[in-house]
Amino acid sequence: MTIRGRAWKYGDNVDTDAIIPARYLNMSTEAELAPHCMEDIDPSFAKRVQRGDILVAGKNFGCGSSREHAPLALKGAGVSCVIAETFARIFYRNAINIGLPILECPEAVRATQTGHTLEVDLATGTIRNLDTGQTFQATPYPPFMLELIAAGGLIPYTRQRLARGG
Amino acid sequence: MSTPATMAQKILAAHAERESVQPGELIDVRADLVLANDITAPIAITEFEKLGVDRVFDPARIALVPDHFAPNKDIKSAEQCRALREFARRYGIVHYYEVGRMGIEHALLPEQGLVLPGDVVVGADSHTCTYGAVGAFATGMGSTDIAVAMATGRIWMRVPETIRFIYRGALRPWVRGKDLILYTIGLIGVEGARYQVMEFTGPAIAALSMDSRFTMANMAIEAGAKAGLFGVDEKTLAYVAERATRPYTVYASDPEAPYAQTIEIDVSAIEPQVAFPHLPSNAKPISQVGNIPIDQAVIGSCTNGRWEDLVEAATILKGRKVHPNVRCIIIPGTQALYLRAVKEGLAEAFVEAGAVFSTPTCGPCLGGHMGVLAAGERCVSTTNRNFVGRMGHVESEVYLASPAIAAASAVLGRIAGPDEL
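Every value quoted in this text rests on a predicted model; they were computed, and no experiment measured them.

### Thoughts on the interface of chain A and chain B
On the chain B side, the residues contacting the 41 residues of chain A number 50 residues. Taking both partners together, chain A and chain B bury about 3,700 Å²; carbon and sulfur atoms supply 59% of that area. Linking chain A with chain B are three salt bridges. Listing elements by their share of the side of chain A that touches chain B, those giving two or more residues are α4 (69-77), α5 (89-98), α7 (143-151) and α8 (154-163) of chain A.

### Quick notes on the environment of D54(B)
With respect to the secondary-structure elements, D54(B) resides in the loop between α2 (41-50) and β3 (62-65). Spatially, the C-alpha atoms of D54(B) and A151(B) are 8.7 Å apart, while their sequence positions differ by 97 residues.

### Here we look at the domain arrangement of chain B
All names here are of chain B. Entries for chain B in the domain assignment read domain 1 (7-265) and domain 2 (274-420). Each of domain 1 and domain 2 was reduced to a C-alpha centroid, and the two centroids are 24 Å apart. For the pair domain 1 and domain 2, the summed buried surface comes to about 3,000 Å²; carbon and sulfur atoms form 61% of the total. Its largest share of buried area at the contact with domain 2, domain 1 owes to I104, W174 and K178, together 23% of the area lost on that side. Our count for the domain 1 to domain 2 interface comes out at two salt bridges. For R385, the salt bridge identified is with E222, shortest N-O distance 2.9 Å. Inspection of the domain 1/domain 2 interface yields 25 residue pairs in polar contact (both at pLDDT 80 or more). At the level of elements, α4 (105-111), α6 (177-188) and α8 (210-218) are the ones that each hand at least two residues to the side of domain 1 that touches domain 2.

### Description of the state of the cysteines
Tallying each qualifying case throughout the model produces zero disulfides over all chains. C37(A) takes part in no disulfide bond, and the closest cysteine sulfur to it belongs to C81(A), at a distance of 14 Å. Free of any disulfide, C129(B) has its nearest cysteine sulfur in C302(B), 8.3 Å distant.

Criteria and thresholds
- Residues numbered from 1 in each chain as written.
- Chains lettered and ligands numbered in written order.
- Predicted model: local features only at pLDDT ≥ 70, side-chain atom pairs only at ≥ 80, totals over all residues.
- Heavy atoms only, no water.
- Contact = heavy atoms within 4.5 Å.
- Buried area = accessible area lost by both parts, 1.4 Å probe.
- Salt bridge = Lys/Arg side-chain N within 4 Å of Asp/Glu carboxyl O.
- Helix = DSSP H or I, 4+ residues; strand = E, 2+ residues; numbered from the N terminus.
- Domains from an automatic or database assignment.
- Polar contact = N/O pair within 3.5 Å; in protein donor to acceptor, adjacent residues only side chain to side chain.
- Disulfide = S-S within 2.5 Å.

Spelled out as C-alpha cells, the structure:
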C-alpha cells in the first residue's frame, strides 16, 4: 500500500497531552477527538490538516499517557502515517493495534520539512521525499507485527485467533 | 544450571510458559490482573464487544476503577463512568470500585492486595508500572490491548532489556523516593529507558519505605520505561502479608544477569528536586530553584497520594497557614487513607492550615477537575507530568516535586523547601 501526503513536522518528545489534551478525554471517538488533535502545540493543525497528510516528528513521539485517544485523534484528523525518529512504546503499540501506520526512520525525519510531499510504501518501508528526490528506508517490522498489520489491527487478529480456537 | 537472568526475564518466562526468554523476543504472556479506568475503559469496552466473546477471561482478575474524572466532573464523564459500571455489572467484575469506595487506581490496587510479587499486571494506564514496587512486572498499554487481555487473559509483549540502578549512601533530610526518581530521570532523560526496565537496587533502596518505592516505580514511565522493578525484601513481604489473598512467587535477578547497563548513584549528594516545565527530566536541586512564586500546590495523585506523603505534608502544614496567594489542594490516594487522615488528625491540620482536603481522584493531575490552572498560573505539584497544558491552560506551568516541597511552598507562596520555614 502506498501513501502520498504533505508532511507536518514537529520536534522531539511530542507527548500525548500535546496530541490530544486530557480535557477532551471525556470523549472517545475519532470524530469527537479529531478537532482537538495537536491543539496545544499547534492550534491551527486540526483545521489545516488534509486527509492523507503525514506527520513527521523527532524522538520519543507519543510519550506520556497510555491514551489510545492519541492515535485515534490523529487518524480521525486524516493523518495517514506517522514517521518519527523513535516512538514511545505505548504509543507504538496503540498505533499498530488500531491500524495507524507508523514508521521509524531518523534519516527521513531529518531530511523532511513541513510542506514537503512524501510517498511511503508501507509494505517495504520505503519513504520518498518527492520535493528533494531522496529515498529512505524505515526500520523493518518484525514478522509478528506484519501479521498484526496485515490482519488490520489487534482486534481482527484476535478474532481470527479465537475463531481458530488458538 | 540455567543462564543468569533478570527478574523481568524470569517473571515473563514464567508467564509465557517458557524456560527462559531473551530481550527483543516477542512473546505471548498470561496476565494475573488486567486494569482499566473511566477514561480508557470506554474504548476498551467498545473494542471488547467487537471480539465476539460473551465473557471475560476471569471476572476476579479484572479491576475497573473510575478515578480520573470521578466523581463525575461533567455529563460526558458521567456517561463514561456509566459505561464502566454497566460493563462491570454485565460481566460480574469482582473488583469494580464505585465512588465512595474507590481510590486512585495505583494507590488502591496494592492497598487491596490485588497486585503481588511475581505477577504480570497490564493496565490501560501508563502508570500501571507503579506495581513494580512489590516486585510485579506491571506495564501500561492502550485500550485495545486491554480489551484483548480482558477477553483472553493474555497479551503480546516484547521482552525488554533491563537497566540496573544502584543507589548508595544516606539520604539527606527531606529527600524521599520522589527526589530520587526525579534526579534519575534528570540524569537519563525522558527516553533514557525507552522500551527497557528500570531495576532499582542498592543499600539506599533497601532503606526506602514502600510508599517511596511506589513513587519511584510509578515514574519509570517518565523515562520511557516499560516497567520499574524493585527486588522483594522484608519490607515488601510485610506489606503484602497483610493484604494478599492468593499465593505469589518471589523472583530475583541473578548477580550475573545480563543488564544492558548499570548506573551507580550516590544519594548523599542528592538534594530535594524540582522538575521545571515542561519535561519531568528538567530536574534541579532545590537550592538552585530561585524565586518562583506559585498560585497553587497539589499534593496527591498515583505518584504521591500515600500515607507517607500525607504525613509529610501534615508535619509541615500543622500549625502553619497556606500563603494568602496560594490554593493548596490535598488529595489522598484512597478512601482508607482518607479515613485514617481524619482519625489521626491530619485532615484537621490541613483544613486548619487553609488547604482543601478532597475525596480521592486523579482530578487536577491531568487537568480534569479539582484544580485546573488558568493562563499564566503556576503550580507546584507532587504529580508525575509537567507537559504543556497538562494541568489546564496551555500557558500554565507545573513544577514537579515531593510532598515536603509542595507543602513548604504552599506556606511560603513560592517554590521552597521546609528548611526555609
